[in-house]
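Report on the structure
The chain contents come next:
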Amino acid sequence: MKKNILRVIFIFFVLIITSCENNQKPNEINIYSQRHYAVDELQYENFTKQTGIKVNVTKANADELIQRLKIEGSSSSADLFITVDVGKLWQAGDMGLLQKIEDETITSNIKKEFLDPNNFWVPLTFRSRIIVYSKDRVNVNELDSYESLADKKWENRLLIRSSSNSYNQALMSSIIANNGPKVAEQWSSDIVSNLARDPKGNDRDQVKAIAAGQGDLAVVNSYYIGLLLSSEKEDELNAGNSVGVFFPNQRVDQSGAHINVSGIALTKNSPNKENALKLIAYLTSSVAQQTYVDNTYEYSVNPEIEPNKIVKQWGDFKKDNLDLNMLGVKRNEAIRIFDKTGWK
Ligand code: FE
């Protein structure tokens with residue numbers, strides 16, 4: 001009898017412990033993220049305060065994270081994959097590492113033009129890859145399109161980072177999709193001949209090089225200009241103030257300025273799917289979108305949120321309306337062209 005009572009008590013405690021574990025597990029989400037901005041921690045803290053769901057983040061570059069998801073397979077603890085380049089989201093989807101997101105709460109937060117037709121990823125922000133130019137040495141009327149950066153007049157004057165960077169690979173993918181590979185290859189080769197120096201540094205470094213007189217124009221992501229103009233460091237502020245912002249390809253017969261999205265995707269084997277979807281809904285909500293635009297100077301994908309005032313003064317622009325998945329589809333061809341034309 002006593003034995004039986006002890007057994008019942010034992011089972012009772014085992015049940016309590018198991019149910020605690022079960023309660024604990026769903027209160028977590030694990031993110032593999034390529035994003036490299038301080039605002040993200042703030043977003044996750046706010047989400048945790050609101051929901052009690054803990055957010056764990058593993059940061060690395062997109063290729064490393066994709067490899068990790070592939071190797072871990074069904075035992076992966078990752079729920080979400082975040083990148084700063086839609087090409088890598090497309091790639092993860094193409095490799096079978098993601099599951100579709102069909103959630104009205106999320107999609108209703110986002111302008112239709114930014115949604116993935118295949119539902120494998122959700123955009124969090126968008127950015128344009130723009131031309132910035134020395135206010136002293138370039139007249140804005142001399143600028144036109146990405147294609148016209150190939151003109152001889154820019155010889156030894158153009159600055160752009162290395163071809164291994166995913167922002168440049170996405171831009172080249174768009175040039176291929178819009179103009180065909182032959183034109184893209186000639187363009188790449190002309191760009192290489194116009195470079196003021198071998199590609200080095202990040203986008204901010206290209207702007208600093210203009211300020212230092214090492215070149216006259218550069219191709220960079222739009223938000224870096226917002227970050228420089230709001231910086232407390234004097235050299236960064238000077239660099240930001242030394243350049244003008246130009247959105248390329250704005251004429252009626254042109255494609256519009258290249259855009260890319262930073263986006264989020266649900267992994268194929270997400271152990272905490274319900275909570276993961278809650279985070280996506282939160283990050284695309286007006287509150288979180290406002291936090292993005294005011295801290296990183298990216299553009300919001302939520303129709304209710306206007307750009308930050310620094311960004312707003314550059315005005316509206318025509319966006320390239322290419323299917324964003326093309327930035328992944330054309331990636332291998334872009335890399336081949338970079339290699340063939342000697343873009344380091
Ligand atoms: Fe960036």
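Scroll up to find the structure.
Quick look at the structure, then. (Residues numbered from 1 in each chain as written. Predicted model: local features only at pLDDT ≥ 70, side-chain atom pairs only at ≥ 80, totals over all residues. Heavy atoms only, no water.)

Some words on the coordination of the iron ion
The coordination sphere of the iron ion contains the protein donors His 36 (NE2), Tyr 37 (OH), Tyr 167 (OH), Tyr 223 (OH) and Tyr 224 (OH), at a distance range of 2.0 to 2.6 Å. Donor residues for the iron ion, ordered by position in the chain, follow H-Y-x129-Y-x55-Y-Y. Of this pair, His 36 sits in the loop between β1 (28–33) and α2 (39–51) while Tyr 223 is found in helix α9 (residues 222–229), placing the two residues 187 residues apart along the sequence. For His 36, a relative accessible area of 43% corresponds to the partly exposed category. (Donors = N, O, S within 2.8 Å, 3.2 Å for Na, K, Ca; no water. Helix = DSSP H or I, 4+ residues; strand = E, 2+ residues; numbered from the N terminus. Buried < 20%, exposed > 50% of the residue type's maximum accessible area, 1.4 Å probe, protein only.)

Things to note about helix α10 (residues 234–242)
Within α10 the residues assigned to the buried category are Glu 236, Ala 239 and Gly 240. Each buried residue of α10 lies within a common arc of 95° when the element is viewed along its axis, so the set occupies one face. Looking at the packing, one finds that the buried side of α10 touches α8 (203–211), α9 and β8 (243–246). (Arc of directions from axis to C-beta. Contact = heavy atoms within 4.5 Å.)

Comments concerning unusual backbone geometry
Its identity as a non-glycine residue notwithstanding, Asn 156 has a phi of 65°, on the positive side. A relative accessible area of 53% places Asn 156 in the exposed class. The residue Tyr 297 is not glycine, and still its phi comes out positive at about 65°. You can see Tyr 297 is positioned in the loop between α12 (286–296) and β10 (299–300). Relative accessible area serves as the criterion here: at 9%, Tyr 297 is assigned to the buried category.

Observations concerning the pattern of salt bridges
Applying the stated criterion across every chain, the model contains 20 salt bridges. Put simply, Arg 331 and Asp 85 hold a salt bridge, and the shortest N to O gap is 2.9 Å. Taken together, the residues span a long stretch of sequence, with Arg 331 in helix α15 (residues 331–341) and Asp 85 in the loop between β3 (80–83) and α4 (86–94) at a distance of 246 residues. Taking the relative accessible area as the measure of exposure, Arg 331 reaches 6% and is therefore buried. Through salt bridges that share partners, Arg 35, Asp 40, Arg 127 and Glu 298 make up one connected network. (Salt bridge = Lys/Arg side-chain N within 4 Å of Asp/Glu carboxyl O.)

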